[in-house]
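Coordinates in review
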Amino acid sequence: MEELDGEPTVTLIPGVNSKKKQMCFDWGPGEMLVCETSFNKKEKSETESGCPFIYIIRKDIDVYSQILRKLFNESHGIFVGLQRIEEELTGKSRKAQLVRVSKNYRSVIRACMEEMHQVAIAAKDPACGRQFSSQVSILSAMELIWNLCEILFIEVAPAGPLLLHLLDWVRLHVCEVDSLLADVLGSESPSKHESFWKLVTILVLQGRLDEARQMLSKEADASPSSAGMCRILGDLMRTMPVLSPGNTQTLTELELKWQHWHEECERHLQDSTFAASPHLESLCKIMLGDEAALLEQKELLNNWYHFLVTRLLYSHPTVKPIDLHLYAQSSLDLFLGGESSPEPLDNILLAAFEFDIHQVIKECSIALSNWWFVAHLTDLLDHCKLLQSHNLYFGSNMREFLLLEYASGLFAHHSLWQLGVDYFDYCPELGRVSLELHIERIPLSTEQKALKVLRICEQRQMTEQVRSICKILAMKAVRNNRLGSALSWSIRAKDAAFATLVSDRFLKDYCERGSFSDLDLIDNLGPAMMLSDRLTFLGKYREFHRFYGEKRLTDAASLLLSLMTSQIAPRSFWVILLIDALPLLEEKEVVFSAEQTYELMRCLEDFASRRPVWREPGVQRLQEDVENTKLEMLRLALARNLGRAIIKEGSLEGS
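This is a predicted model, so every value here is computed, not measured. (Residues numbered from 1 in each chain as written. Predicted model: local features only at pLDDT ≥ 70, side-chain atom pairs only at ≥ 80, totals over all residues. Heavy atoms only, no water.)

Thoughts on the overall build of the protein chain
In terms of helices and strands, the protein chain carries 30 helices and three strands. Per-residue burial over the protein chain gives 46% buried out of 655 residues. Restricting the contact set of the protein chain to residue pairs at least 6 apart, pairs at least 24 apart contribute 63%. (Helix = DSSP H or I, 4+ residues; strand = E, 2+ residues; numbered from the N terminus. Buried < 20%, exposed > 50% of the residue type's maximum accessible area, 1.4 Å probe, protein only. Contact = heavy atoms within 4.5 Å.)

Some thoughts on helix α3 (residues 126-155)
For α3, which comprises 30 residues, the first-to-last C-alpha distance of 41 Å matches the rise-based estimate of 44 Å (1.5 Å per residue) to within 8%. The sharpest bend along α3 measures roughly 30° and falls at cysteine 149. Following α3 by one or two positions, valine 156 adopts a phi angle in the positive range, close to 50°. (Expected span 1.5 Å × (residues − 1). Bend = angle between axes of the 7 residues up to and from the residue.)

Description of the packing of helix α23 (residues 483-492) against helix α24 (residues 496-513)
One way to put it is that α23 packs onto α24 with a least axis distance of 9 Å and a crossing angle of 155°. Relative to α24, α23 is oriented roughly antiparallel. The crossing of α23 and α24 is left-handed. Here Leu483, Gly484, Ala486, Leu487 and Ser490 of α23 lie close against α24, whose contacting residues are Phe498, Ala499, Val502, Ser503, Arg505, Phe506 and Asp509. (Axes fitted to C-alpha atoms, helices over the stretch in contact; angles between N-to-C directions. Parallel < 35°, antiparallel > 145°, perpendicular 65-115°, else oblique. Left-handed = near helix turned anticlockwise from the far one by under 90°.)

Points about the side chain of lysine 449
Turning to its location among the elements, lysine 449 is positioned in helix α21 (residues 447-459). Residue lysine 449 is classed as buried on the basis of its relative accessible area of 13%. A polar contact of 3.4 Å, which involves the side chain of lysine 449, links it to the backbone oxygen of proline 443. (Polar contact = N/O pair within 3.5 Å; in protein donor to acceptor, adjacent residues only side chain to side chain.)

Some thoughts on the environment of asparagine 104
The residue asparagine 104 is located in helix α2 (residues 91-122) in this model. Asparagine 104 sits in the partly exposed class, given a relative accessible area of 34%. For the pair asparagine 104 and isoleucine 78, spaced 26 residues apart in sequence, the C-alpha separation works out to 7.3 Å.

Notes on the side chain of threonine 318
Structurally, threonine 318 can be placed in the loop between α13 (304-315) and α14 (324-336). Only 2.8 Å separates the side chain of threonine 318 from the side chain of glutamate 255, close enough to count as a polar contact. Ignoring anything within four residues of it in the chain, the contact list for threonine 318 reads Ala159, Gly160, Leu251, Leu254 and Glu255.

A look at the nonpolar core
Within soluble globular proteins, side chains that are nonpolar tend to cluster in buried spots. Counting 192 residues, the largest nonpolar core has Leu166, Trp169, Leu233, Trp304, Phe353, Trp372 and Phe373 as its most contacted members. The element contributing the most residues to this core is α3, with 12 residues. Once residues within four sequence positions are removed from consideration, leucine 233 is found in contact with Leu216, Phe274, Leu280, Leu283, Cys284 and Met287. (Core = buried A, V, L, I, M, F, W, Y, C linked by side-chain atoms within 4.5 Å.)

A look at the packing of α14 against helix α15 (residues 344-353)
Orientation of α14 relative to α15, taken along the N-to-C sense of each, is 155°, at an axis distance of 8 Å. One finds that α14 runs roughly antiparallel with respect to α15. The segment α14 lies against α15, with Leu324, His325, Ala328, Gln329 and Leu332 engaging Asp346, Leu350 and Phe353. Grouping the constituent residues of the contact of α14 with α15 by class yields five nonpolar, two polar and one charged. (Nonpolar A, V, L, I, M, F, W, Y, C, P; charged D, E, K, R; others polar.)

Quick look at the pattern of salt bridges
Summed over the entire model, instances satisfying the criterion amount to 26 salt bridges. Linking lysine 103 and glutamate 150 is a salt bridge whose minimum nitrogen-to-oxygen distance equals 3.2 Å. In this pair, lysine 103 sits in helix α2 while glutamate 150 sits in helix α3, placing the two residues 47 residues apart along the sequence. By relative accessible area, lysine 103 is classed as partly exposed at 39%. Where glutamate 143 meets arginine 110, a salt bridge forms, and the shortest distance between an N and an O atom there is 2.8 Å. Here glutamate 143, found in helix α3, pairs with arginine 110, found in helix α2; they are 33 residues apart in sequence, far enough to count as distant. (Salt bridge = Lys/Arg side-chain N within 4 Å of Asp/Glu carboxyl O.)

Overview of helix α10 (residues 278-287)
Among the residues making up α10, those that are buried are Leu280, Ser282, Leu283, Cys284, Ile286 and Met287. Tucked into the core, α10 has its buried residues touching α6 (196-205), α7 (209-222), α8 (227-239), α9 (251-270), α11 (291-295) and α13. Backbone geometry just downstream of α10 places glycine 289 in the positive-phi region, at approximately 75°.

Side note on the packing of aromatic side chains
Using the criterion set out here, one finds 20 aromatic pairs in the structure. Measuring from centroid to centroid gives 6.2 Å for phenylalanine 411 and tryptophan 417, while their planes differ by 50°, and the two rings are tilted. Classification of tryptophan 417 as buried rests on a relative accessible area of 2%. Ring-pair connections join several aromatic residues into one group, and the members of that group are Phe72, Phe79, Tyr406, Tyr423 and Tyr426. For lysine 298, the ring lying beneath its charged end belongs to phenylalanine 335, and the centroid distance is 5.4 Å. Across the ring face of tyrosine 548, the terminal group of lysine 551 is positioned such that the distance to the ring centre comes to 5.9 Å. (Phe/Tyr/Trp six-rings, centres within 6.5 Å; stacked < 30°, edge-to-face > 60°. Lys NZ or Arg CZ within 6 Å of the ring centre and 35° of its normal.)

Description of unusual backbone geometry
If you check the backbone angles, asparagine 302 has positive phi at about 70° while not being a glycine. Take asparagine 302: it is sitting in the loop between α12 (298-301) and α13.

Topic: the environment of phenylalanine 547
Secondary-structure assignment places phenylalanine 547 in helix α26 (residues 533-549). Separated by 10 residues in the primary sequence, phenylalanine 547 and alanine 557 place their C-alpha atoms 9.0 Å from one another. For phenylalanine 547, the contacting residues outside a window of four places in its chain are Arg552, Asp555, Ala556 and Leu559.

Notes on the confidence of the model for the protein chain
In this model, the protein chain carries a mean pLDDT of 83, and residues with pLDDT of at least 70 account for 85%. The least confident element of the protein chain, judged by mean pLDDT, is strand β3 (residues 55-58) at 58; the most confident is α15 at 95. (pLDDT = per-residue confidence, 0-100.)

Remarks on the state of the cysteines
As enumerated under the stated definition, the model contains zero disulfides in all. Its sulfur unpaired, cysteine 470 is 9.2 Å from the next cysteine sulfur, which belongs to cysteine 457. (Disulfide = S-S within 2.5 Å.)

In structure tokens form, the structure reads like this:
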């Protein structure tokens, strides 16, 4: 996958003139920004009008399709289930389980295809109808390729059963015959219907010989002159040797029987048994595997791989898997006849018939518009142990590379990113690194979404991402003045600096309003308050208020004194702490001991000595006067309390 097989598709951006204007672009994980610039490397050009828009070019637009989102959601469950049962898969049960998983993937593709088909029919806008029809064709091709890969690589059908699987494959993807059959049988005289012989021919081309015989019996009933010929051809159809499921005959026995049957068909043709009926003669030639007769039915065969399977059915029914590519290439050449070149789908199917898995994946990666198909198919084939030896030169194996690309595309969508997480989880080499890079880019538009992202990160011990998300949410909360939420997120992020910032905001609000907000949060900080000194102070200061409110005055006094002496209070808050001591000093009962009162005095003088001196008159000078008054009151209260405390302590000692 190193080389580029062709020129990349050119994306035209409306309104942008890249010939006259220099383009500016910036890559993102799942998209690219493109805009015009005024830069001109040759010469300064006159100002002229340009394109005023910035365009977003997405590399995977399929994630925005409502119907395809169902494909992504349903297949995600199948993918995760496959990874979880990997250890249980052993022996024959392993193969059966993998085939079942493959069929589940195909059923999801088919369900989406049918829904898309209904939407295309119901579309009122012709352009939308064409777009949906195109998507139906792509889904149909995906299911066609997947089904063939299932037969060749997962079922690994041997010679004999291989052809039965290929017949089912063709019948499943050429389904117009069923509606035609119902139409013909629903008419008054089926054998006179204009599409009667077309129907019989298609049935023979698909190997549905029992149904073809039933149609011939209707022709025999309606036309006595051809009844004998219809009976003979019907008997040839009935006696054609087929290796049915559960049949015990060997391939050698089948080949001998088929050879005798083939000789009998050839004898009837040489004896001109069907000469009177060109339709019956043509059918006999088809059953002999006559290439010219088959190519005459190009319109009914529709495509070369239908021609291949019909050719094998009537010429090489015991074809071996190893020989398939020879017949496939020759069938493609015969069918196209040099009139046209193979399409991308033809190249993919050819690569599958050649058992070149890597070429199949490579061609699909180039041809399909998203990574869903190749990522899931490669993962399944890897579980079949078919890709073990193929590592890419840039460090990851093919399975992981494709899963990473697919998951990256999912992360471009506002809700599908949650599916992408599991795909990253199952990429052992680069999955975690990729998840860390992508999860940081998810826009946290709502708190609910942020909690989802956070839960994912916490489950995977992505510590840095958890901290980053919590900090983002904390900053948003601060901007919205939701201090309680901001403090909660900063604690969860274990960000000491931000917790300090939020604590300062709480203290500032307290200074302005005289009360705390979010009391439940502050009252229940617990060990989290040790995250930073300021947060510890906030928690303990609130605890002081609670003690005071509960009349636990001795506890309140001890806590207030420890807050001042421990140096964890911001210096701007010291005056508030000192003033908070006033009501306790004025209590009837002595609350502060003499020793505690001395400590308060020391704190007061320490604060007073470090206060700035305002030399200019104004508001600041007025504030200083108010503070001086409060401090004088505090000195008096301390002096009175000291006297009361000494007397009380002395009387206690005397008694």
